[in-house]
Amino acid sequence: MPAASTPLRLLAVSVIASLTVTGCQTLDDAGRAIGHSDLVNDLASRLDRALTLTYSADYQLPAGKTATIAQEQEPARSAYTWPGGKLTVTEEATTRCESSGGRTVCTLEPPPAATAKPSVTVFTEAKRQGLVTPPVVVGLLTAAALDPDAVITSGDTTLAGRHATCVEVRQTADDFSACVTTEGALASFTGQVDGKPVDLALTRYREAVDSTAFELPPGAGVVDRRPAGS
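Residues numbered from 1 in each chain as written. Predicted model: local features only at pLDDT ≥ 70, side-chain atom pairs only at ≥ 80, totals over all residues. Heavy atoms only, no water.

Enquirer: I tried to follow the overall build of the protein on my own but got confused; where do I start?
Expert: Across its full length, the protein carries five helices and 14 strands. Buried positions account for 48% of the 230 residues belonging to the protein. Within the protein, contacts between residues separated by at least 24 positions form 54% of all contacts whose residues are at least 6 apart in sequence. In the structure as shown, the protein presents an accessible area of about 11,000 Å², 51% of it carried by carbon and sulfur atoms. (Helix = DSSP H or I, 4+ residues; strand = E, 2+ residues; numbered from the N terminus. Buried < 20%, exposed > 50% of the residue type's maximum accessible area, 1.4 Å probe, protein only. Contact = heavy atoms within 4.5 Å. Areas by Shrake-Rupley, 256 points an atom, 1.4 Å probe, with all protein chains shown as cover.)

Enquirer: I tried to follow the pairing of strand E11 (residues 176-181) on my own but got confused; where do I start?
Expert: The two faces of a sheet get side chains in turn, since along a regular strand they alternate between them. Among the six residues in E11, five count as buried, and that is most of the element. Judged from the six bridges that link them, strand E10 (residues 162-170) and E11 form a sheet pairing that is antiparallel. Opposite Val-169, over in E11, you have Phe-176 as the bridge partner. Joining the antiparallel neighbours E10 and E11 is a turn of five residues. A loop of four residues connects E11 with strand E12 (residues 186-193), the two strands running antiparallel in sequence, and Gly-184 in this loop sits at a positive phi of about 110°. (Pairing = 2+ DSSP bridges.)

Enquirer: Any chance you could explain helix H5 (residues 134-145) here in plain terms?
Expert: Owing to its 3.6 residues per turn, the α-helix brings residues three or four apart onto one side. Spanning twelve residues, H5 covers 16 Å between terminal C-alpha atoms, matching the ideal 16 Å at 1.5 Å per step. Of all twelve residues making up H5, nine are buried, and the element is well covered by its neighbours. The set of residues buried in H5 consists of Pro-134, Pro-135, Val-136, Val-137, Val-138, Leu-141, Thr-142, Ala-144 and Ala-145. (Expected span 1.5 Å × (residues − 1).)

Enquirer: Just to check I follow, could you spell out unusual backbone geometry for this structure?
Expert: Both trends apply: most residues other than glycine have a negative phi, and most peptide bonds are in trans. Put simply, Glu-74 and Pro-75 share a cis peptide bond, and its omega is 0°. Here Pro-75 is to be found in the loop between strand E4 (66-72) and strand E5 (77-82). One non-glycine residue with positive phi stands out, namely Ala-63, at about 60°. By secondary structure assignment, the location of Ala-63 is in the loop between strand E3 (55-60) and E4.

Enquirer: What should I look at first to understand the nonpolar core in this one?
Expert: Nonpolar side chains tend to gather and get buried jointly when the protein is soluble and globular. The biggest cluster of nonpolar side chains holds 33 residues, and the ones touching the most others in it are Leu-131, Val-132, Phe-189 and Leu-200. Setting aside its immediate chain neighbours within four residues, Phe-189 contacts Val-132, Val-137, Leu-140, Phe-176, Ser-177, Ala-178, Val-198, Asp-199 and Leu-200. (Core = buried A, V, L, I, M, F, W, Y, C linked by side-chain atoms within 4.5 Å.)

Enquirer: It is not clear to me how the packing of aromatic side chains should be interpreted in this structure. Could you clarify?
Expert: How two aromatic rings sit relative to each other is given by the distance of their centres and the angle of their planes. The full count for this structure, using the stated rule, is two aromatic pairs. Measuring from centroid to centroid gives 5.7 Å for Phe-176 and Phe-189, while their planes differ by 25°, and the two rings are stacked. Here Phe-176, found in strand E11, pairs with Phe-189, found in strand E12; they are 13 residues apart in sequence, far enough to count as distant. Assigned by exposure class, Phe-176 and Phe-189 land together as buried. (Phe/Tyr/Trp six-rings, centres within 6.5 Å; stacked < 30°, edge-to-face > 60°.)

The following block contains the structure:
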């Protein structure tokens, strides 16, 4: 299996690297004993494995809204699209697009550096609009696994024709549930993120990506903040 490309791995490696944790055991739906670390590390390994894939996933959001996550390997690039916005990460730039008042503006910034520790703050706007990305979910699971009072249970389901493992987290902080497909794509999430309710579910999964997924919205204004010559 080919190694995952640098831009895609950099967006998630900081949260995946911290996932070897220990915790008390609970029971899954079949009554088997499972540990916090088992649940978190399994989902983390799926997410890591998914970084080597080319796929696109469509999601249903509340009020009839939709969102999409897409990633390719050759060339390495990923795109997150939600109502009124878009985040694209390629080897050339990290691009954030926002629409307001009928006008769309896209800001280009340098791509993640190969030697830099990435930050999931690039996903802040996506979270604010109800699109929870895989690195954010893994971060929530990590925090839950380190919470001695958290109760984490698991089960299985099928979404958009894909088998998924689900976890339900009951903790002192906000409760949440999340499902991850066998391939490693986020299948669903329900809970509070930064104090805002979030609810999304996978409606379509494809092992291919439309090239237009990485293009700027038609008519968008462009602000290029990359250093000259980049």
